[in-house]
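Here is how the chains run, residue by residue.
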Amino acid sequence: MSTTMEQVRSWQGPALFSYGFRPFFLASAVWAILLMLLWIPLISGHIDLPVAFDAVSWHAHEFLFGYLSAIVAGFLLTAIPNWTGRMPIVGKPLIFLFSLWVLGRVAVLFGAYLPAGLVAAFDIAMPVMLAVACLREIMAGKNWRNLIVLALLGLLITANLLFHWEAWVGEYAAQGYGMRLGISTMVLMVGLIGGRIIPSFTRNWLVKQGSKDLPVGPMQLFDKVCLLFLLIALLIWTALDEHWLAGVMLVAAGLLHFARLARWKGLHTFREPLVLVLHASYLFLPTGLLVLGLAILAPSLLDLAGAQHLLMAGVMGMMTLAVMTRSTLGHTGQDLTASRSTTFLYCAMAASVLFRFAAGFAPDLAMRFYDASALAWILAFAVYVWTYGPLLAMTRK
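Here the structure is a predicted model, which means the values were calculated and not measured. (Residues numbered from 1 in each chain as written. Predicted model: local features only at pLDDT ≥ 70, side-chain atom pairs only at ≥ 80, totals over all residues. Heavy atoms only, no water.)

Chemist: Whenever I open this one, helix α8 (residues 221-240) confuses me. Can you help?
Modeler: An α-helical turn contains 3.6 residues, so any two residues separated by three or four positions project in the same direction. Taking 1.5 Å of rise per residue, 20 residues should cover 28 Å, and α8 covers 29 Å from first to last C-alpha, within 8% of that figure. Three or more residues of α8 are buried, namely D223, C226, L227, L230, A233, L234, I236, W237 and T238. Tucked into the core, α8 has its buried residues touching α7 (177-208), α9 (244-262), α10 (273-297) and α11 (304-331). Phi turns positive one or two residues past the end of α8, at D241, with a value near 60 degrees. (Helix = DSSP H or I, 4+ residues; strand = E, 2+ residues; numbered from the N terminus. Expected span 1.5 Å × (residues − 1). Buried < 20%, exposed > 50% of the residue type's maximum accessible area, 1.4 Å probe, protein only. Contact = heavy atoms within 4.5 Å.)

This is the structure:
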């Protein structure tokens, strides 16, 4: 039987479709730029889009379910062959999956001209096919412990369908159950997968530096307790929204995950931004949980939307860029070290998150902070496309 890399090299078509991370990471970055470029004139009333959702719901949906679904696809299509020892999905099957994702984005963008059920069907087609493919591989490879990742993908699909339903019946989907379930699923994904890769990558780098102060191994008992508490807190928030119990549980979960992060020795990684960014990205998880919980308990002191953006833009934006840059370098045969442009895009993304959060504390300057946040977001992904696009589209390992 051929090895994974032999299977990849046997594809004679465009390098872009020789591995799952390539088309999805590149397209997701381009889509993140286009979404923000459309959002600015849309929210200011300078353009109209033929979407069926209201403007804010479309904006939220496409980042959470459009952008994130591409990242999840790129990650799983690359990781599962390593988990199961089976062949990756490359070539025509990969092109088919990618085309379904593009179809979903087009259907949502022109949703006003299509039946709501058809838009939803097109939107979830790629994640559903991805889930089927992942289930087949996990079962064939008997890699049962990663069924939890597939379960989270199923929750993301369910949240997306719920979002479509709420929008169809006239509810404000951007603050509905589907949105909260989607955010919760994303946070759980980062908690689970981040808890595996961050201590492992950090340990590998620190060992090379000769350090004796190493992080604890992934998924210790304390990690499992933290994840269980996170699950309970997010379920309560999803169900009860701004209830005081949700606030208390989110604060408690945030404090636990601060302690979890501290065990991974991130303070020793400042010399390598490629490792440090993983810790900085995860830092937004407990920070976002804590601030969201406090915003629920004391709404006069903290902006609820800004707190939610710490999870959306902070956890999702920072962590996905951290994974995209590292995976692109590693799987195209480059040195695992951050260049100046890579460090810049990390800083730009962090600035975008902080500008958006600061807008909640300065109403008179809010629009300027929004614009600065949008500009920094666009810069981060534009630098990724400029720096990593050629590696994704042309460089073979």
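Chemist: Whenever I open this one, helix α5 (residues 116-140) confuses me. Can you help?
Modeler: In this model, α5 (25 residues) spans 36 Å end to end at C-alpha, consistent with the 36 Å of a helix rising 1.5 Å per residue. In the structure, α5 departs most strongly from a straight axis at A125, where the bend amounts to approximately 40 degrees and where the proline P127 lies between one and four residues downstream. Looking one or two residues beyond α5, the residue adopting positive phi is K142, at roughly 50 degrees. (Bend = angle between axes of the 7 residues up to and from the residue.)

Chemist: Explanation requested: the layout of surface pockets in the structure shown.
Modeler: It is a probe the size of a water molecule, rolled over the atoms, that shows where empty space is left. Counted as a void, the largest pocket has a volume near 920 Å³. What lines the largest pocket is a set of 35 residues, and nearest its centre among them are W39, V56, H59, H309 and R356. When residues in the lining of the largest pocket are grouped by element, the largest group, 7 residues, is from α11. Grouping the constituent residues of the lining of the largest pocket by class yields 22 nonpolar, 8 polar and 5 charged. Of the voids in this model, the second largest pocket is the one considered here, and its volume is about 700 Å³. Considering the residues around the second largest pocket, the lining is formed by 28 residues, among which I197, F201, R326, S327 and H331 are closest to the centre. The leading source of residues in the lining of the second largest pocket is α7, at 8 residues. Taken together, the residues that form the lining of the second largest pocket break down as 15 nonpolar, 8 polar and 5 charged. (1 Å grid on protein atoms, 1.4 Å probe; cavity = no way out; pocket = protein on both sides within 12 Å on 5 of 7 lines; lining within 4 Å. Points joined across faces, edges and corners; volume = space filled by probe spheres on them. Nonpolar A, V, L, I, M, F, W, Y, C, P; charged D, E, K, R; others polar.)

Chemist: Looking at this structure, I do not really get the packing of α11 against helix α12 (residues 340-358). What am I missing?
Modeler: Each pair of packed helices can be described by the angle between their axes along with the distance between the axes. Orientation of α11 relative to α12, taken along the N-to-C sense of each, is 170 degrees, at an axis distance of 8 Å. Between α11 and α12, the crossing angle belongs to the class labelled roughly antiparallel. Along its contact with α11, which presents A305, G306, A307, H309, L310, A313, G314, G317, M318, L321, A322 and T325, the element α12 presents T342, L345, Y346, M349, A350, V353, R356 and F357. A per-class count over the contact of α11 with α12 returns 13 nonpolar, 6 polar and 1 charged. (Axes fitted to C-alpha atoms, helices over the stretch in contact; angles between N-to-C directions. Parallel < 35°, antiparallel > 145°, perpendicular 65-115°, else oblique.)

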